[in-house]
Each structure stands twice: as structure tokens, then as C-alpha cells.
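Single-letter residue listing:
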Amino acid sequence: MDRVSSFDEPLKKLLGGATAKVMAEHLDLHTVGDLLHHYPRRYEERGKLTALADLPLDEHVTVVAQVADARILTFNNGRGKRLEVTLTDGSGRLQLVFFGHGVHKPHKELLPGRQAMFAGKVSVFNRKMQLAHPTYQLLDASDADEATEAVDAFAGRLLPIYPACKQLDSWRIAKAVDAVLPSAQDAVDPLPASLREGRGFTPLPEALLKVHRPQTKADIEDAKARLKWDEAFVLQVALARRRYADTQLPAVARRPVADGLLDAFDAKLPFTLTEGQQKVSKEIFDDLATEHPMHRLLQGEVGSGKTMVALRAMLTVVDAGGQAAMLAPTEVLAQQHHRSITEMMGELAEGGMLGGSDRGTKVVLLTGSMGMAARRQALLDLVTGEAGIVIGTHALIEDKVQFHDLGLVVVDEQHRFGVEQRDALRSKGKQPPHLLVMTATPIPRTVAMTVFGDLETSVLDQLPAGRSPIASHVVPAKDKPHFLARAWERVREEVENGHQAYVVCPRIGDDAEEAEGKKGKAKKKAADEDPEKRPPLAVLDIADELRKGALAGLTVEVLHGRMHPDEKDDVMRRFAAGDVDVLVATTVIEVGVNVPNATAMVIMDADRFGVSQLHQLRGRVGRGSAPGLCLLVSEAHEASPARARLSAVAATLDGFELSRIDLEQRREGDVLGQAQSGVRSSLRMLTVIDDEEVIAAAREEAVAIVAADPELEHLPELRTVLAALLDKDREEYLDKG
């Protein structure tokens, strides 16, 4: 069998259809190579027990523990039977429970003093942690063949505990790995020999054997060091090739012009730019002056003045005879950018022809829902060059939109900007335009080197003067309902003091969203039985409740993505003018909404949002001189990961710290974002948060290798591995951002 094909062998050939089907559907493992790269999550030492005290709620776990006692209880007047088993490991105790016909076998086998591996989902019953109907495998001597086999297999060894699922336990995965392990000999080694020897790495086949079946802890460390390096290196080579390809593209250099639009704009600024803004502007101007396209990521906390920096870059390009386009993720945001940019520019936004002596230019808005006449005029202004700056949504990318001379594209926030869109916009320039991507989600350096590895990075880390602190608190609505009542009182107090408030919900609501009849009833029944299963709270319902109840007498309005753009605009204008006391909204307000008089925010079902999203939302308050207040309302259990996440957000305003926490929370996922790319994770061993040195070193090696051999002609193995890893989808994913 040749070297690559054994890794490509479908699992069903080796494991049988049923097991292969579960692996494909629940673990996304399809080939021998996939399974060999499904590494153990951790290792149990024979005889050393997992700390039962630290079990995570709602997660599927594998524990090794000893039976302390087991008893059968009856209920329903003796008709029902329940077996309760208590496990212990010195650190804590855990209850197992079996019902009905499922009690006989465990009752015979799980005798006090017995040791076994148990797998199941951790839940809470009567305030105690428990596993209901776990699967288990005995680890001590007994007559059962399987148990003897287990003892032989695991005696004196480090037990690999694999990421598992309900349908397939860790030890069954271990057996499947045994079946494919001989294929590890066929692994294609991506590292150039000089690099591998220079850094003293274990050969790849050996690393795969050691990671799955280590004899010692040193084996595990050896294997991890090698496998982490491979992941970092292959990814960095892909990114280095992408950056190299970009430097080969031509672009029109756009250099600042004296006494142009930029100078006129700077002259009328009522404040001086922060040191950070000046430094970052210089980096951008230097890039714009080169003859290949700029690819820069501009990151800065909410309110650090990114829009100002982007606008000055756009004005420079207009001065140099080009046009600039700003792409926003939603219509509300596009309208807002348009409003704030025309306000900042004043009469400079009302110019005649491009490059005309009156130094002004037109700033136009282009969104999908514009009226025909306004749209036609905007398109005309773009094709003639009358408009130097256009701000819009995806509508900008449509075929009909033609530019006179597109020089710069600014992509705003939260906007995974795919390679197709980038190509579509590129084709609108005579040559590829310069690209500036802005994000208000702080990104640790390592993530910037991986997720945004094809972009150079600029960071704005000073906040402009005059921003106020924001106090954040978690409101446990389920455990302490009076806290929620107090939250609404606080909102009322803010309004009485002349301020305004946001209430954010995860869902819009109304009948269009809910299926009629049976589906609705089934949902209600499920929600009554388990509050975790209820649908997220909705804007329309909460607004209704507040108007009738806790906030009766205040002006409460709603804002969400399904409203007509004119309606949205009208609500935002009235809120900004102070005519609306409380705005109940979805996350449409997440980015760019600037109402300095809004001081309070209540986020309902806060546990249903991610850490970065909560930080973004919170950034909408405390934008004026009065301090801000953010209340995170949740029904999540106190011991749950969701509550831990909320406490972390409440504890710090430092976006970089939160982005670290966010990554640590999501470390099981792939930092390359499985959700966005729709492809399998390529990072299984590397944790972007902890492996900064590995990533930085791999980046350095990758840059040197690609500079010397851009097509990797002398490194066929590396080319093979890259091709397998970066299938078309993931290549495209790398191109987003």
C-alpha cells in the first residue's frame, strides 16, 4: 500500500460499518488518518483516580473510580426500581443512577471496592452531581473475559482518555485506534529533514505511536512537542504562501497629497489624534504608498477611534485620485457609519468632482433596501467618480456596482469577508485595491498570527479621553428572582436621572418564528420540564412585559433586524435624540451604535452569548461622562461553565484578557473556526492560547522556507500534507478575515 493511501483508507473497511458510521456522524472521523489524528484528551495513570471534585457540568466525561456503596431503592409502590451507586476517589464523591431493567447487570458487577472506568454526561439532581445510566468497564480482576482483557491492556499503563460522545465511549475509541495504529508507519512527514534534525524532533510515525500508546510521561511530552509543531508549521506555511502571493500582485500606490482633502479634514478636527492613532495612521500610509496591495488588520477596543483612522486612510486615497469603499455587516451599521462620517467631514462630504479644486468629495450610501431612485443616483456617482467614498453592505459587491477607480476597501467588524467577496471587489478595481480590516474584538497575538495570519496587524490600545468606567454584575434570575426585580428598578433609576437604557435579547420573537400548533406545544412541554431547553427570550415578548409591568410609564421601543430600514433608522434617531427611554433590541446594536446618554444595559439570557459578544455589547454604555452599568441576566446553574463565563466578563473590562478567556473556553474547538469554515479542525494538539513560542517559531521557519522556495518544489512531502490539510474550503477560510 503506498504511503498516502493507507491514511486515506475509509474507516468502515477496518472497523465495520456501525462503528465507522458513529465516528463519521458524531466525531467527524472518516479515514484512518482522521482517527490517528484524534488524540487522547488526557491520560489516566493506572490506580491514580480522576478528581471527582472537578467534574464539569453538562459535559460527557470518563472517570476512573472505586465503588463505595450500591443500593437498590423502590418507588411507585414497589413497581419501579432504581440502583444508586456511590463512587469515590479521595477528592470527592459521585452518584451513579440506573433505572428499570438496566439495574440487574450493574447491581451484580458494581460491588463495593470494585474499580472501573465510567462514562456519561454529568448532570445535577437534588443539588448533587450524578451520571445517569453511564456505561462502564471494570478494571479489576474478575471472571468476565472483557474485564480480564481490560486489565491486561491497561495494567501498568497510562490510559488514554479520548474525546468521546454518547454513542461511543473512550475505551471503544481506544480499541478502534489499536486497529489502525499499524498505519502510523505510513505517515507522510511534512517537516524538511534539516528542520526536523535541527530541532531534535521525534519522527512522525513514532510521535503518533507515543501519543496513543505512551509507556511513560516523557513519551507524551515528546509526541506533543512534535505534533504541535507540525500543526503550527503547516498552517504558517499556508499563510506565508498566501502573504507571498499577495506581494506578487500589482496595486496602484496611493500617496498623500499636500493641501488635499486630508489636510483640510485634519485642520478642522476639534481634538488632536492620540499617539496610537498617529502611529497606526503612519503604518497604513506607508502600506498605501507601495505598489502591491496593503493587507492590514486594525484592532482596537470599542471606542478607540478606529473609524477616525480608517477615514483618514480613505481621504488619502481620494486625494490620490482613487475611491474608497467601506463594507459594514448590517444596514443599521452602514447607515450609522455614513451618518458619522458625513458629520465628521462636514462640508468636505459635499464636494463636486473627484480631485476638484473645492477639495470636497461625495460620500454615498449603498444598501440593499434603498429606493430605486436613490440607488440609481449612488451607482451613477460611483461609476463617474463623483463619489470618492461609498459606505455600504454586501450590496456593494453586486455585479451592477461599478467604480471609477477603486483604491481601498475597508471591512468593518464581525464580518468574515470571504475570498469570493474579496475577489468580486478586487475585480472592480483596475488593479487589486488595498485592504484594511477593522475589528473591535481584541485578538491575542498568537491568534492574530494564525486566524489573521495573512494580514499585518496594527493595534490601537489607548482610549480617547472622556470614556467612563462600566460596572458589570451577574443577575441569577432563577436562584434569586428578587435580583431581577432590582435590575429593573436600577433601569428606572437611570431613566429618572435623565439617562437611557438598552435591553438585549437573543431572539426577535413573534409568530413568524414559532411553528404553529403541535411544534409550539411540544416546545412548551419541553421547556416546562427543563428550563435549559426553553427557547431564548425574545425582544417582542420582553418589550411587551416591560411596558405592562416593571417599566410601565417609560417609553419602551424595539429594534431588530426584521424591521424596515426606515423604521430602524427612525427608532435609532429617536433613541439618539433622547425621546426613547429604553431600547429593547437584538445584537443589531452590537457594533458602532453611539449614544453617550445611554448608561445602562440589561442582557437577557446572557449565557446564550459568547464572551467577545458580551464585551462588544457592553461597550455601548459608558460612552459619555456618566458611568455605565451592565447587568448580565442568566438562569444558568451556578456551577455551570456558562455562569463561569459570565462571571469572567463581569470581573474585567480588559478586552484582551477576555479574548484569552474566550479562547480557553473554546479550546476544544478549532481556532480556525469550524463554524465559519464548515470543515474539520486542523488544530487538534495546538492550543493557540498556550503555544505562543511554538507558533512564533513556526512562523519564522515558514517565512524563510517560502521565501527560498515559494512553490515548495524541493519539499514534495510538505506539498502533499498541505494539499490534504488545506482542501479548497479551508484555503478559502484562511482567506477570510
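It should be noted that the structure appears before, not after, this text.
For the structure given in this document, a descriptive report is provided here. Model, not experiment: these values are computed from the prediction.

**Examining the pairing of strand 12 (residues 387-392)**
As a general feature of sheets, a regular strand has side chains that alternate between the two faces.
Thought 1: With six of six residues buried, strand 12 is to be regarded as a mostly interior element.
Thought 2: Looking at chain direction, strand 10 (residues 323-327) and strand 12 are connected through four bridges and run parallel. When the bridges of strand 12 are listed, Ala325 appears paired with Val390.
Thought 3: Here strand 11 (residues 362-366) pairs with strand 12 via five bridges, running parallel. Opposite Leu365, over in strand 12, you have Ile391 as the bridge partner.
Thought 4: Remark: the strand 11/helix 15 (residues 372-384)/strand 12 crossover connection has right-handed handedness.

**Observations concerning the packing of aromatic side chains**
Thought 1: By the definition in use, this model includes four aromatic pairs.
Thought 2: Summarising the aromatic geometry, the rings of Phe98 and Tyr136 are spaced 6.4 Å apart at their centres and angled 80° between planes, so their arrangement reads as edge-to-face. Of this pair, Phe98 sits in strand 4 (residues 93-99) while Tyr136 is found in strand 7 (residues 135-138), placing the two residues 38 residues apart along the sequence. Here the two residues Phe98 and Tyr136 agree in accessibility, since each one is buried.
Thought 3: Aromatic pair Phe201 and Trp229: ring centres 5.5 Å apart, planes at 40°, arrangement tilted. Note that Phe201 is positioned in the loop between helix 8 (193-198) and helix 9 (204-212) and Trp229 in helix 10 (residues 217-247), a separation of 28 residues in sequence. Each member of the pair, Phe201 as well as Trp229, is classed as buried.

**Here's the deal with the pattern of salt bridges**
Thought 1: On inspection of all chains with the given rule, the structure shows 34 salt bridges.
Thought 2: Among the salt bridges present, the one from Asp381 reaches Lys362, with a minimum N-O distance of 3.0 Å. Taken as a pair, Asp381 in helix 15 and Lys362 in strand 11 lie far apart in primary sequence, 19 residues in all.
Thought 3: For Arg486, the salt bridge goes to Glu493, with nearest N and O atoms at 3.0 Å.
Thought 4: Taking the relative accessible area as the measure of exposure, Arg486 reaches 37% and is therefore partly exposed.
Thought 5: We classify Glu493 as partly exposed; its relative accessible area is 28%.
Thought 6: Bridged by salt links that share partners, the residues Arg486, Glu489, Arg490, Glu493 and Glu494 form one connected network.

**Quick word on the packing of helix 10 against helix 26 (residues 692-708)**
Thought 1: Helix 26 packs onto helix 10 with a crossing angle of 45° between their chain directions and a minimal axis gap of 8 Å. Overall, the two elements helix 10 and helix 26 adopt an arrangement that is oblique. Considering only the axes of helix 10 and helix 26, their crossing is right-handed. Contacts between helix 10 and helix 26 involve Lys228, Trp229, Ala232, Phe233, Gln236, Val237, Ala240, Arg241, Arg243 and Tyr244 from the former and Val694, Ile695, Ala697, Ala698, Arg699, Glu701, Ala702, Val703, Ile705 and Val706 from the latter.
Thought 2: Here the contact of helix 10 with helix 26 is composed, by residue class, of 14 nonpolar, one polar and five charged.

**Points about helix 26**
Since one α-helical turn is 3.6 residues long, residues separated by three or four positions face the same way.
Thought 1: With 17 residues, helix 26 should cover 24 Å at 1.5 Å per step; its first-to-last C-alpha distance of 25 Å lies within 8% of that length.
Thought 2: Here helix 26 has its buried residues at Ile695, Ala697, Ala698, Arg699, Ala702, Ile705 and Val706.

**A short note on the sheet that holds strand 12**
Thought 1: Read across the sheet, seven strands follow the order 11-12-10-13-14-9-15 without closing on themselves; strand pairing throughout is parallel. In this open sheet, the two edge strands, each paired with only one partner strand, are strand 11 and strand 15 (456-460). Neighbour-to-neighbour, the strand axes of this sheet turn through a mean angle of 20°, independent of strand direction.
Thought 2: The sheet strands contacting helix 14 (residues 331-345) are strand 10, strand 11, strand 12 and strand 13 (406-412), and the helix crosses strand 11 at an angle near 170°.
Thought 3: Packed onto the sheet, helix 15 meets strand 10, strand 11 and strand 12 and runs at close to 130° relative to strand 11.

What counts, and where the lines are drawn
- Residue numbering note: each chain is counted from 1, following its sequence as written.
- Local features are withheld for residues below a pLDDT of 70 in this predicted model, meaning they are given only at 70 or higher, and side-chain atom pairs are given and counted only at 80 or more; totals for whole chains, interfaces and linings count all residues.
- Excluding hydrogens and water, the side-chain figures rest on all heavy atoms present in the structure.
- Burial classes follow relative accessibility: with a 1.4 Å probe on protein chains only, a residue under 20% of its type's maximum area counts as buried, one over 50% as exposed, and anything between as partly exposed.
- Think of it this way: any DSSP run of H or I at least four residues long counts as a helix, any run of E at least two long counts as a strand, and we number them from the N terminus.
- We treat two strands as partners when DSSP finds at least two bridges between them.
- If you view a crossover with the strands going away from you and the path from the first strand over the helix to the second runs clockwise, you call it right-handed.
- Ring pairs shown here join Phe, Tyr and Trp side chains whose ring centres sit within 6.5 Å, with only the six-membered ring taken for Trp; geometry is labelled stacked below 30 degrees between planes, edge-to-face above 60, and tilted in between.
- The working definition used for a salt bridge is a side-chain nitrogen of Lys or Arg within 4 Å of a carboxyl oxygen of Asp or Glu.
- All axes here are fitted lines through C-alpha atoms, helices being fitted over the stretch that makes contact, and every angle between N-to-C directions spans 0 to 180 degrees.
- These descriptions rest on fixed angle ranges, namely under 35 degrees for roughly parallel, over 145 for roughly antiparallel, 65 to 115 for roughly perpendicular, and the rest for oblique.
- In this scheme the handedness of a crossing depends on how the near helix is turned from the far one: anticlockwise by less than a right angle means left-handed, clockwise means right-handed.
- It only takes one pair of heavy atoms within 4.5 Å for two residues to be counted as in contact.
- Charged means Asp, Glu, Lys or Arg here, nonpolar means Ala, Val, Leu, Ile, Met, Phe, Trp, Tyr, Cys or Pro, and polar covers whatever is left, Gly included.
- Working rule for helices: expected span equals 1.5 Å times residues minus one.

Spatial relationships are all this shows, so hold off on functional conclusions.
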